[in-house]
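Residue-level structural notes
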Amino acid sequence: MQIFPCPFCGERNETEFHFAGELGKIRPDTTADVEADAWARYLYTQRNEKGHVREVWMHIPCAELFVLERDSVTMDVLGSHPLRKPPK
Amino acid sequence: MSRYSAWSVFREGLRKGKGWGQAWRTPTLKKAYDVVIIGGGGHGLATAYYLTKNHRIKNVAVIEKGWLGGGNTGRNTTAIRSNYFHPESAALYDKSVQLYEGLSRDLNYNVMFSQRGMIVCAHSVPEMEMAARQCNAMQINGVDAELLDAKQIQHLEPALNFGASMRYPIHGGVLQKRAGTGRHDAVAWGFARAADAAGVDIIQNCEVTDVIIQNGRCTGVNTSLGEISAGVVGAAVAGHSSVLADMAGYELPITSYVLQAFVSEPIKPVLNAVTLCPPFGTYVSQSDKGGLVIGGGLDRVPSYGQRGNMPMQQTVLSAFCEMYPSLAKVKLLRHWGGIVDVTPDSSPIIGPSGVEGLYLNCGWGTGGFKAIPVGGYLLAHLLATGNHHDLSRPFGLNRFVSGRLIDEAASSGIAH
Amino acid sequence: MSMRRIDNFGLVDRAKPLSFSFDGRRYRGFDGDTVASALIASDVRILGRSFKYHRPRGLWSAWSDDPNAIMDISQNGRVLPNCQASTTYLEDAMSARAVNAWPSAARDIKGGLDLFHRWLGAGFYYKTFMWPDWHLFEPAIRKMAGLGSVSQDVLSDYCADQTFDHCDVLVVGGGAAGLTAARAASEDGQNVCLVDDQRLPGGGVYQMQSVDGQDPSDWVADQCKAIRTAGGRILNQTTAYGVYDHGLIGLMQTHRFGVAPGLIRMRADRVVLATGALDRPITFPENDRPGIMSLAGSAELLARYGVLVGQNLAVVANHSLAETSIALLTRAGAEITRIDPKVRPFKAYKGARATGLKQGGHARLFDAVLTSGGMTPVIHLWRHMGGKLDWCETRQAFLPAETPAKMIAIGAANGTFEIDVALEEARCAGIGHASLRADTRYHITALWPEPASKGRQWIDFQHDVTLKDIEIAAQENYVSVEHLKRYTTLGMASDQGKTSNMAGLAAMAALQGQSIPEVGTTTFRPPFVPVPLELYRGPHREQNWHPLKRLPLENTHRAMGAALGEYGGWLRPGWYGDGDPKTQIAAEVRAARTSVGLFDASPLGKIDVMGPDAADFLNFIYYNTINTMTVGSIRYGFMLTEAGVIYDDGVVTRMAHNHFVVSCSSSHVDGVRMHLEAWRQDGHDPDNIYIHDTTQHWATATITGPKARHVLNSLGLDIDLDGAVFAHMSLRETQWQGTHVRIARVSFSGDTSFEVSIRASRAASLWDALVRAGAPFGLCAIGIEAMSIMRAEKGYIIIGKDTDGETMPHDLGFAGPRIKKTSAFLGDRSLHTDKANDKARRQLVGLISENGLLPTGAHIVHAGQSRGYVTSSYDSPTLNGPIALALIANGHARMGEAVEIWHLGETQTAEICAPCFFDIKGEQLHA
Ligand SMILES: Cc1cc2nc3c(=O)[nH]c(=O)nc-3n(C[C@H](O)[C@H](O)[C@H](O)COP(=O)(O)OP(=O)(O)OC[C@H]3O[C@@H](n4cnc5c(N)ncnc54)[C@H](O)[C@@H]3O)c2cc1C
Ligand SMILES: [Zn+2]
C-alpha cells in the first residue's frame, strides 16, 4: 500500500487515488484543423518514463486533481502540488 | 542438438545423463548480424526461431539483458486461448493456438500445452446476453466456442461457488475447449534451444543501451558488451518498450504497469479448466504440479517496479475466495509481479516502429504468453520481408491515427 | 509416557495431556507441543514422503523451515490441508494425515517410484510425453502431483480479521536480540511492537543455560514485562510475512486450529529485523534419510518441547555454534559421537529404526544423525524491503549490506552469532543506531556440495532435487540461478528454499568455477511462510464484496411484492408480484401503455453543475449543444470520450442561467462525476464551475402513460400540466405538501411521462400518494424489466447494451453536432478519423422477424462474417410480437433488407427496419 500526499487532505492510501494521466498533455485546439497524427499523439502517446515521473492524479474523496512526482522504479514519492499551483 | 524422446530419456537414465548436451550455447557476441532481436523473452526467442525456420535466416542474435525468459514470459499465469471477439484478434490468437498445438513436437521440447478448456463465466442476465454475443462471434470467427448454462458449468467445475451467498451468481458462460495452459519456462526454453540449434546466438546478460541510427535508419545497437551492427533490428522488450523507444526516438502509446500472479501450495487436483469470472476480475487454473495459479487486474499505479503491492493482492485473492470458498483455506505460497506493456486498446503492436530498419513486437500487456508463437512468426516475417503478414497488418502503430483500434477490453472483461 | 520426553526440559505443560492421531494411530502429547514435537516424542520417525520419489521423510527442523512433515489435519470437523507439523500447535483430538502418501507415510504404496529415479531426474518431463500427445499423460501426472487434498467444505466462519496498525518501531523476531531491542526502544519512550511467530517469544534462548546470568525463561519473562511496562506491545504467533511498497508490512496472527488468521497491515517508522538464522543441511549421500535432522532443530525440540530425538546421537557439524546445541543435548543425557564432515566419503544408510552412517570403512547406527552445515541469516524481509546483501567469507553466508532506509538487522539475522555482541547491537538498534558489525568469534569451515562426488545427495528434501540434478542442469547450461531453480524446481517447495537454496547455489558455483556471490541468489518472494488465502479476504466477502446500492423506497417495494434484483449495481424492483415473471412484466407494460405506470427511477444520476462557466463547460463536455438551452428546458445528449465513443447518455436540465443538472445512467454516476471534475480542473477555470453529485439526496418517481397527467393532477400541485403549456422536455419546480419537488417532463418509456423528484426522506409519502391518486386510473407499479421493454419499443438505447466500445453518436442517427457544432467538445476530432468515416460502421437499427423472438447476442452474418449483432430483443406486449434492436454495418442505408441471423450454429432471417416500433410519430410522447 503506497501512501500518496494529497496537497489538500494530506497523506492517504493509494486506494483513494485515481491516475488521471501524465502531466503536460495539451489538448489541441479542435476549432482549428488538427492533423490526424497530432490528435493521435495527444490521445495515445505516453512518455512512460522509467524513473522520475510527473503525473496528474485525482484524490477521489476530495475530487481534486494534483501533480504527483514519484519514481516509477523505487516507488518513492518525490513531491506533490495542486494542479494550478506549481511550487515556486 | 541431442533429440529428446522417451528413448533418449531412457538411455540417459541408464548412463546417468552423461549424454545430455547443452540446451543452448553461451556464444560470444559477434560484431555484426543480419538480424538483431532485442529481448530474450518468448516473443524475441520465437522470432529468432521462425526466422531460421520460415525464412532460412540464421545469422541472428537475440540480446537479453538478464536471463532468457526472465521477463513476463517467466512470470505469467500461462493461460492460452483465442476466445476473442474481433475477427482480427481471433485470426491472430487462433493462429497462435494452432502453433501451440504442434509446438512441443515442432520444438522437440514438451511445453505442456494442456487444452483443458477455458470458461468465462457470466453472472447476470445481461452478462449472459453478452456471453451469447461473444460465443457467436467466436463461432463465426472459426474459433471453437460453446455457450453453457449454470448446470453445465457446475458439472465442469464443481468447486465454483454456486451457493446462495455468492455476490455474483453464475448464470452460465462461454467455454473454449481448445484453450488451456502451457508451461511458461518451457516455451522460452524450447524456442531458445531450437533457435540455438539452428545457429542463432542467444546472448544473455547483455543489455541494449542505445540504438544506432544513421541517416534515419537503424543500423545496429550498442550493448553493455559492445556495439553490434545489424541488417535489421526487431524489438520485443515488453514492459521496457518505452525505454527503447526513447533510445531510438520513436513514440509509443504504452504505459507500463505491474501485473501480479499468485500461486498456492500444491494440492491434489480440484480444478479442471481455466476459469474467469469477469465481475471479480479474477481467473484461476491449477498447475500440473498442483498449485492454484491465480491472476487478476493491474496494480493501479504505473510502475517499472516488477513487484506487486498489497491492495491488488487483496482484491484478487478475496475475489478468488468468493469464486471458490472451499479453497479459502489453501495457502498462498508465492506471489510476484511483472511489468506489462499496456496499450489503449489492449491489443499488441506489431509493425514498423517509425525508424527504418527497426520493427516492433510489443504491447501484449497482460496477455501475450498465448501469442508467443504467432508474435514470433509475424515479427520474423516483418524482419525477413520488410512487409506485414496479413495477420499482423491490423496491428500496426498506424491504427492509432486511423482510429481503427482493436479493443477487446469491452467484450472480454479483462484480457489475459 | 514417552521415552523421548526429558524431565526438566521444555516449556510444554505436562499437566495438560492431549491426545491425537497420525495416519490413523493414536498418540499423546502436551499442551504447548507442536504436532511434530509430539510425534517425535512418541518416537515416530517417518512423518511424510517426498514429492517426487515418495522417499520416507523424518522431521528436519522444529520451525518453519521444515520441508518434510506436511499434513492434512482435521479437528472438530474442520480439515485444513498442508499444515506444517513443526509450526502447528497440538490440540486435543486432532487427526493428522501425511500428505501425498497412502495408506500412511510409513507404508506409502508409491514408495516404489524411487526405483525409477534415474529416469525421473531434473526436467525429464520437458524431454518426453510429447508423443503421441501430452494430454494422454497429463491426467495421471496431475494425480501424482499435489501435496494435501482439500475438503469441499466451506467454513463459513473462517474469516480473517483485518486491521491497520502503526508503531514507531516494529521489532520482528522475539529472540534474545529482538526482546532486547524492543525493550531498549520502549524504554526510550518509543511506541514499540514486537512480533514473534511462536507461542512463547524467546527464539533460541531456551537452548542456553543462561542469558545475562539469568535462567532463560526468567530472562524472557523479565524482558516481556519490561517492554509492556514501558508501553510496548508483544504479539505472539504473529509472522511478518512480507514487506510491500512504502514499507507496509504484512503481519499474520494465527489463532487456534481451524480459526482464520488475522491480517495486520503494519506501518512502522523503523523496523528492527531480529529474525535469527537457520541451520543448513550438509550435502552427503543419502542425507535425506529419516533420523537425519538439523542440529539446531533437535536442540530446539529439546529446549522448547522437552523432546530428545535419541540417546545415541551423531553430530556432523562444521562451525563453532554447534557447541551450544551439543552442550544442551549432553545435559539431557544424550551420548554424542562427533563425525568430522571433512573426512569423506561418508554416507548414510538405512537401519531398522535407526540411521546408519558409514565413514572411512566404519558403519555405525545412531538413533539420529544431527547435522549442521552453518548458519544462514534469515534476511527475507530485508530483501523485500530492497536491502542489499554482502557475502561474508568468514561466516560463509549472505549478510545484510548497507542498511536500507528504515530497517536495521541485528543478532543472528545480521550474522552476529555471539549473544553478548548481539545484545549490545540490539540495544543500539532499539534506540535507533545501527552498529558496525563486530569481528566475529564464530568460525566455520566451508563445507559445500562437492560436484561429481558419488551417491544420491539431496539438496531439496521436499522436491527431491539432488546434486545430480544440479549437475545435469549445469551440463545443459541452465546455469543462471533462476534457470536452475525453474528447471530443477530447487527451492520451490513449500519451505520456499529455506533449507535448499544455499546448497543449490553453492553447488552451481562449484560447477561453474565461480564463487557463491558471483552466482547470486534468487529473488526472495513473499510470503515468508505460506499464508491462507483467506488472510486477504476477511469481512470483504459475499454480499459485502461489492455492496449493492439501496433505494430509499426499498421497504415500500418489498411491501408491494417487488422481485428485487441487481441492476447496474443497485438493488431494484425487476417486476412486482410473484406470478410468472414474463406474464407479470407483460401485464405491467400493458397497464403502463393503456393507463398509467409508476416507476422508481431514483438511481438516475443527478449531478449539479453550477457557476458562471457552467454552460460553456457543459457545452464542451456534451456532444450536443448545451449553452443555447433556455432556463427550464431539458435536452437529451451524449458524453463522449476523447476517442469519440459514447461514454454516457442522459438528459441535461437547465435549472437556472448558471445551474444545470446532469442526469447520467444509474451505473455511471461515480464515473461521470470524476469525468466532470477532471475536465473542470484541467482545461477550465475551476473557480467558475462547481460540481456536486446529489444523486443520493433525491428519490424519483416516474409516472408514465396516457393517464399520467390525470394522476399527477390529482396530487393537487399548483402547476398547469397541460401539454401545451408544460411541453415535453421541460421542467417545473413546485411544492408538494410543503416539500420542494422537481417535475421533469421527460420520457424513457416513449409515452407521456413525468419524473417527480423529491428529497429522499419524503420519497415514501410521495410514492404512497401517487399510488392512491393513481388507483382510480388503474395505476400499476412497474419494474425495470417492463421499462426496458417499453424503451426498446420506442427505440431508446441503453448504454453498454445497445452501444458498444466503438459506437459514436452518428451511428445512432445523431449526426447533427458532428457536422454542425462549431465550438470544441470532447471527442470532436475523433469523430472524423478514417474509422469514424467508415462506410461499414455498425449503426443502430430495428429488426423484425417472422420466426419469433430473435436471441439477444445473435449476429448478423454475411459471407461468413459478422456484420453486427442483436442488442435488445423482446416479445413486445404492446405490439403483440417480437421486436429487436441491432447494431448492423451500414444499417441506416439498408432499411427493408433481409439479413441472415446466426445464433449458436443456427440461422434465420430478419428484416432491417427503423429502430422504433411504438408511437412512431411521437403523438403519445408529446400529448
Ligand atoms: C503476472 C502476469 C500474468 C500474465 N498472465 C498471462 C496469461 O495468463 N496469458 C497470457 O497470454 N499472457 C499473460 N501475461 C502476459 C505475458 O506474460 C506477456 O505478454 C509475454 O510474456 C510477453 O513476452 P515478451 O517476450 O514480449 O516479453 P518478456 O518475456 O517480458 O521479454 C522481454 C525481454 O526483454 C528484455 N529486455 C528489456 N529491455 C532490454 C534491453 N534494453 N536490452 C536487452 N534486453 C532487454 C527483458 O529482460 C525481457 O527478458 C501475463 C503477464 C504477467 C506479468
Ligand atoms: Zn484530497
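A look at the overall build of chain C
- When helices and strands are tallied, chain C shows 22 helices and 47 strands.
- Taking 30 Å as the expected radius of gyration for a compact globule of 927 residues, we find that chain C reaches 38 Å, considerably beyond that expectation.
- Projected onto its principal axes, the C-alpha positions of chain C cover 110 × 70 × 55 Å.
- A buried classification covers 62% of the 927 residues belonging to chain C.
- In chain C, of all internal contacts separated by at least 6 residues, the share reaching a separation of at least 24 is 66%.
- By element, 53% of the accessible surface of chain C is carried by carbon and sulfur atoms, the whole surface being about 33,700 Å².
- On chain C, the mean spot of the 91 positive side-chain charges and the mean spot of the 99 negative ones are 4 Å from each other.

Some remarks on the domain arrangement of chain C
All names here are of chain C.
- According to the domain assignment, chain C contains domain 1 (157-278 + 374-444 + 517-547), domain 2 (549-603 + 697-790), domain 3 (607-693) and domain 4 (799-913).
- For domain 3 and domain 4, the distance between their C-alpha centroids amounts to 27 Å.
- Of the roughly 1,700 Å² buried between domain 3 and domain 4, counting both surfaces, carbon and sulfur atoms make up 66%.
- Per-residue buried area on domain 3 facing domain 4 is highest for Phe620, Tyr623 and Ile646; these three make up 39% of the total on that side.
- Our count for the domain 3 to domain 4 interface comes out at zero salt bridges.
- Summed over the shared surface of domain 3 and domain 4, the number is eleven residue pairs in polar contact (both at pLDDT 80 or more).

Structural notes on the coordination of the zinc ion (ligand 2)
- Only Cys6(A) (SG), Cys9(A) (SG), His59(A) (ND1) and Cys62(A) (SG) from the protein reach the zinc ion (ligand 2) as donors, at distances of 2.0 to 2.3 Å.
- Note that the zinc ion (ligand 2) binds four donor atoms; their angles at the metal cover 105 to 113°, and the shape is tetrahedral.

Observations regarding the packing of aromatic side chains
- Taken as a whole and judged by the stated rule, the model has 51 aromatic pairs over all chains.
- Taken together, a centroid distance of 5.4 Å and an interplanar angle of 70° make the contact between Phe4(A) and Phe17(A) edge-to-face. Within this pair, whereas Phe4(A) is found in strand β1 (residues 3-6), its partner Phe17(A) is found in strand β3 (residues 17-22), the two being separated by 13 residues in sequence.
- Aromatic pair Trp189(B) and Tyr478(C): ring centres 5.0 Å apart, planes at 70°, arrangement edge-to-face. Linking Trp189(B) in helix α7 (residues 184-197) with Tyr478(C) in the loop between α10 (467-475) and α11 (481-488), this pair reaches from one chain into another.
- Residue classification places Tyr478(C) among the buried positions, given a relative accessible area of 0%.
- Across from the ring centre of Tyr349(C), 4.9 Å away, lies the NZ or CZ of Lys358(C), which sits over that ring.
- Across from the ring centre of Phe528(C), 4.4 Å away, lies the NZ or CZ of Lys498(C), which sits over that ring.

Comments concerning the side chain of Arg265(C)
- Summarising the element assignment, Arg265(C) is placed in strand β13 (residues 262-273).
- The charged side chain of Arg265(C) is buried without a salt bridge, its nearest counter-charge being Asp161(C) at 9.8 Å.
- Sequence-distant contacts of Arg265(C), that is, excluding residues within four places in its chain, are made with Met310(B), Gln314(B), Gln162(C), Thr163(C), Phe164(C), Asp165(C), Leu248(C) and Ile249(C).

Quick word on the pairing of strand β18 (residues 346-351) of chain C
Residues and elements named next belong to chain C.
- In terms of strand pairing, β18 meets strand β19 (residues 354-359) through six bridges, oriented antiparallel. Across the sheet, the residue bridging to Tyr349 is Gly356, located in β19.
- Here β18 hands over to β19 after two residues, with Arg353 in that stretch at a positive phi of 50°.

Here's the deal with helix α16 (residues 614-621) of chain C
All names here are of chain C.
- Among the eight residues of α16, seven are classified as buried, and the element is accordingly described as predominantly covered.
- The set of residues buried in α16 consists of Ala614, Ala615, Phe617, Leu618, Asn619, Phe620 and Ile621.
- Considering only its buried residues, α16 is in contact with β32 (607-610), β33 (634-640), β34 (646-656), β35 (659-662), α17 (669-681) and β36 (690-693).

Cut-offs applied
- Residues numbered from 1 in each chain as written.
- Chains lettered and ligands numbered in written order.
- Predicted model: local features only at pLDDT ≥ 70, side-chain atom pairs only at ≥ 80, totals over all residues.
- Heavy atoms only, no water.
- Helix = DSSP H or I, 4+ residues; strand = E, 2+ residues; numbered from the N terminus.
- Rg over C-alpha atoms; globule rule 2.2 N^0.38 Å.
- Buried < 20%, exposed > 50% of the residue type's maximum accessible area, 1.4 Å probe, protein only.
- Contact = heavy atoms within 4.5 Å.
- Areas by Shrake-Rupley, 256 points an atom, 1.4 Å probe, with all protein chains shown as cover.
- Lys, Arg positive; Asp, Glu negative; His and termini not counted.
- Charge placed at Lys NZ, Arg CZ, Asp CG, Glu CD.
- Domains from an automatic or database assignment.
- Buried area = accessible area lost by both parts, 1.4 Å probe.
- Salt bridge = Lys/Arg side-chain N within 4 Å of Asp/Glu carboxyl O.
- Polar contact = N/O pair within 3.5 Å; in protein donor to acceptor, adjacent residues only side chain to side chain.
- Donors = N, O, S within 2.8 Å, 3.2 Å for Na, K, Ca; no water.
- Tetrahedral: all angles 85-135°; square planar, octahedral: opposite > 155°, others 65-115°.
- Phe/Tyr/Trp six-rings, centres within 6.5 Å; stacked < 30°, edge-to-face > 60°.
- Lys NZ or Arg CZ within 6 Å of the ring centre and 35° of its normal.
- Pairing = 2+ DSSP bridges.

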